[in-house]
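# Chains, contacts and geometry: an overview
Each chain, written out:
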Amino acid sequence: MVMQPTGNVSLTLVETKEQREAFIEFPYTHYQDSPCWVPPLRVEQKKLIDPKKNPFFNNAEMAMFTGTVNERPAGRIAAIIDHRYNEVHGGKTGFFGFFETIEHQPLVDLMLKAVKDWLKQRGMTHLLGPANPGMLDVIGVQMDAYEEIPSLMMPYNKPYYGEVLEQAGLSKAMDLYSFLATNPGVDIERMARAKAIVSKRLPSLRLRTVDLRKLKEDAEIIRAIYNQAWAKNWGFIPMTKEEFDDLASSLKLVVAKEVAIIAELEGEPIGFSIPLLDINRILHKMDGNLFPFGWWKLLRGRKKLSHLRTALMGVLPEHQGKGIDAMLHQYVVEKGYENGYISSEIGWVLETNLDMIRVAERMGAKPFKTFRMFETTL
């Protein structure tokens, strides 16, 4: 049962530099007693909400709010309109994001009311979230496995978040799953048999590693495949060149280059898999700061990481269902183990993506976490 403490509840629209800093800073105190929370780098959080630095805002707008109970910081939320999302999906959807709160239902209700009012004033008819700030960023509410440290670019929140959102009138829009592949947990023999079948069926199929020396060229190949491979997925938005270039620049230092691959058929790119070094294992101990010693910890610690996050993967629609995705996973498992990587979190995977769920299960990956997107009409 959600607790509903009494108290003076108030909300502030974020407008000044000091208010933006308070908006960014709230999670660092909110989670200070949560041993599994990973403090994100403050410099990255500042960029994320800055319309001048985040290319997401070339096609979007956002209002941020902070909440207090008895004049003490107690929550935050943002109202977001992604105009490109509505162009793609043909609706009038507004988002809420950056949702953090103490266990206080009146505050949650007030924050969501502010978001709804702001969105309705701008013609929106549907509310979806959380997205931080867009569907290509960290999304969803974690619904289980709170005792596990989140992997890179995955959400983490306190266990009551789903309940307070439901109490506020929101309901499930979609569940997103992640799977954990571990060595020796994966079925190596089964994967090898699948590889042999695919290789016989598609003898011209080749897997090559991403060339970091020609990252711009390979990044454009990956973006083109991604935008086609994911086009029919729930919540999909095609990545613009500016967004993908920004993402590639941010992730360049955390790409697991030994197992980042592009699949080619008769010399033409048709698929890719980009596992990332799970630097959250390092960030967990850095308190969100790069200075004075954060850079040193990050660079030193990268060489010792053994966990990956398989975040970006896709196969062109005309080549899906041929076992190429399984072959991509097989390569990452086999070559990853050779390079000292013993586990990878795969996801997220839509609950409706039964083909991908079967691929994960057949390779021996285990269901790991569930994340939920919430919605309501306005």
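Please read all numbers here as calculations on a predicted model, not as lab measurements.

Thresholds, definitions, all that
- Residues numbered from 1 in each chain as written.
- Predicted model: local features only at pLDDT ≥ 70, side-chain atom pairs only at ≥ 80, totals over all residues.
- Heavy atoms only, no water.
- Helix = DSSP H or I, 4+ residues; strand = E, 2+ residues; numbered from the N terminus.
- Buried < 20%, exposed > 50% of the residue type's maximum accessible area, 1.4 Å probe, protein only.
- Areas by Shrake-Rupley, 256 points an atom, 1.4 Å probe, with all protein chains shown as cover.
- Lys, Arg positive; Asp, Glu negative; His and termini not counted.
- Charge placed at Lys NZ, Arg CZ, Asp CG, Glu CD.
- Expected span 1.5 Å × (residues − 1).
- Contact = heavy atoms within 4.5 Å.
- Salt bridge = Lys/Arg side-chain N within 4 Å of Asp/Glu carboxyl O.
- Polar contact = N/O pair within 3.5 Å; in protein donor to acceptor, adjacent residues only side chain to side chain.

## Points about the overall build of the protein
A count of helical and extended segments in the protein gives twelve helices and 15 strands. Projected onto its principal axes, the C-alpha coordinates of the protein cover approximately 70 × 45 × 40 Å. Relative to its full complement of 378 residues, the protein shows a buried share of 53%. Per element, the accessible surface of the protein, about 18000 Å² overall, is 52% carbon and sulfur. Averaging the coordinates of the 47 positive side-chain charges in the protein and doing the same for the 47 negative ones gives two points 4 Å apart.

## A word on helix H4 (residues 105–121)
Counted at 1.5 Å a residue, the expected span for H4 with its 17 residues is 24 Å, and the 24 Å between its end C-alpha atoms agrees. Three or more residues of H4 are buried, namely Gln105, Leu107, Val108, Met111, Leu112, Ala114, Val115, Trp118 and Leu119. Looking at the packing, one finds that the buried side of H4 touches strand S1 (9–13), strand S2 (60–69), strand S3 (72–82), strand S4 (93–101), strand S5 (126–129) and helix H5 (161–167). Positive backbone phi, at 85 degrees, marks Gly123, one or two positions downstream of H4.

## Points about the pattern of salt bridges
Throughout the structure, instances matching the rule amount to 15 salt bridges. Salt-bridge contacts for Lys172 lead to Glu351; the nearest nitrogen and oxygen are separated by 3.3 Å. On the criterion of sequence distance, the pair formed by Lys172 in strand S9 (residues 171–182) and Glu351 in the loop between strand S14 (343–350) and helix H12 (354–362) is long-range, its members being 179 residues apart. Linked by salt bridges that have partners in common, Glu166, Lys172, Asp175, Glu351 and Arg372 make up one network.

## Quick notes on the side chain of Thr68
When you line up the elements, Thr68 lands in strand S2. Its relative accessible area of 19% is what places Thr68 among the buried residues. Polar contacts involving the side chain of Thr68 include one to the side chain of Ser10, which spans 2.4 Å. When sequence neighbours within four positions are dropped, the list of residues in contact with Thr68 reads Asn8, Val9, Ser10, Pro73, Ala74 and Leu107.

Read these as geometric descriptors, not functional statements.
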